[in-house]
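# Reading the structure
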Amino acid sequence: MPEGHSLVLAARRIRPVLGQHVTAGPLAGTAVASIETRGKHLLVHGTDGRSLHVHLGMNGRVRLAAAGAGRGRHVMRTAAADVVIFGTSRVEVRRRGDLHLGLGPDLLGAFDGAAYLRRARAIDRPVAELLLDQRVLAGMGNVVRAEALWGLRQDPFAPVSQLSDRRLLELAALGRRMLRAGVDTGRLPRDVYRATGRPCPRCRTPIASRMLGLPTPRRLYWCPGCQPAIRGQTPSGGSAG
Ligand SMILES: [Zn+2]
């Protein structure tokens with residue numbers, strides 16, 4: 001599943017259509033006024049007040065093709081290039097004023113720490129579940145969640161109420177650094193993500209994983225040995241996979 005950094009990279013990739021008149025596909029009949037990302041959402045604003053809203057699903061991609069060469073269900077054509085959107089969960093055109101994404105502070109935008117803490121404290125639940133809630137914190141995905149929790153030796157199952165404001169802000173800040181580095185390098189850290197059963201790079205305990213969260217459970221990866229490091233006990237509930 002794409003994380004916030006891949007949307008920023010997609011927005012950069014399609015920059016050649018800025019100012020171009022759209023001849024076919026989404027936003028046909030208007031010109032591209034601006035391109036923006038909010039969390040895991042890509043927004044292409046037209047000069048006529050309409051916006052193309054793209055939310056990438058598990059395998060969604062946005063590519064730039066030579067003008068006239070784009071193929072697929074969602075191709076936005078301009079004289080400069082075609083924007084091809086495929087494998088996505090949602091592609092829609094709306095009036096700009098009707099875009100209510102309901103997102104929390106954007107990790108890759110002007111991040112508002114106080115607003116994040118307010119939203120984080122609204123529901124008590126495992127911190128690992130909180131970090132994927134885009135209404136609390138926009139832009140974090142499954143990779144950065146696991147890596148940020150591991151990076152700070154944070155017990156992923158600790159309820160939010162047990163974490164200090166400072167700790168919640170540290171998790172957001174580390175996620176932000178990882179996503180920013182992802183924008184620069186195209187890569188995210190991979191110390192525990194999809195490493196089930198492999199030794200932890202820090203303490204050699206086998207990495208555990210399990211499904212967590214509602215309504216769409218996602219697989220969480222963590223080290224039972226050093227998250228948290230102070231407890232000698234290994235939390236139960238780990239499974240292979
Ligand atoms: Zn470890």
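Keep in mind the model is a prediction, meaning the values are calculated, not measured. (Residues numbered from 1 in each chain as written. Predicted model: local features only at pLDDT ≥ 70, side-chain atom pairs only at ≥ 80, totals over all residues.)

When its domains are assigned, the protein resolves into domain 1 (4–98) and domain 2 (113–222). Residue-level contacts link seven residues of domain 1 with eight residues of domain 2. Broken down by element, the residue count for the side of domain 1 that touches domain 2 peaks at four residues, all from helix α1 (residues 4–13). Its residues assigned to classes, the side of domain 1 that touches domain 2 shows two nonpolar, three polar and two charged. (Domains from an automatic or database assignment. Contact = placed C-beta atoms within 7 Å. Helix = DSSP H or I, 4+ residues; strand = E, 2+ residues; numbered from the N terminus. Nonpolar A, V, L, I, M, F, W, Y, C, P; charged D, E, K, R; others polar.)

In a beta sheet, neighbouring strands are held together by backbone hydrogen bonds and run either parallel or antiparallel to one another. Pairing is antiparallel in the open sheet, where four strands are placed in the order β2-β3-β4-β8. Looking at which strands have only one partner, the edges of the open sheet turn out to be β2 (32–38) and β8 (90–95). On average, each strand axis in the sheet is inclined to that of its neighbour by 20°, with strand direction left out of account. Pairing between strand β4 (residues 50–55) and β8: six bridges, direction antiparallel. Each residue of the ladder has a partner; that of His55, found in β8, is Arg90. (Pairing = 2+ DSSP bridges. Axes fitted to C-alpha atoms, helices over the stretch in contact; angles between N-to-C directions.)

Taking 1.5 Å per residue, 21 residues should reach 30 Å; helix α5 (residues 165–185) reaches 30 Å between its end C-alpha atoms and fits that length. When we look at burial in α5, the residues that qualify are Leu168, Leu171, Ala172, Gly175, Arg176, Met178, Leu179 and Gly182. One side of α5 carries all its buried residues, which in axial view fall inside an arc of 165°. Exposed residues on α5 whose side chains face more than 90 degrees from its buried face are Arg166, Asp184 and Thr185. In this structure, the buried residues of α5 make contact with α1, α2 (113–120), α3 (127–131) and α4 (142–151). Downstream of α5 by a residue or two, Gly186 has a phi angle that is positive, lying close to 80°. (Expected span 1.5 Å × (residues − 1). Buried ≥ 20, exposed ≤ 12 C-beta atoms within 10 Å, placed from the backbone. Arc of directions from axis to C-beta.)

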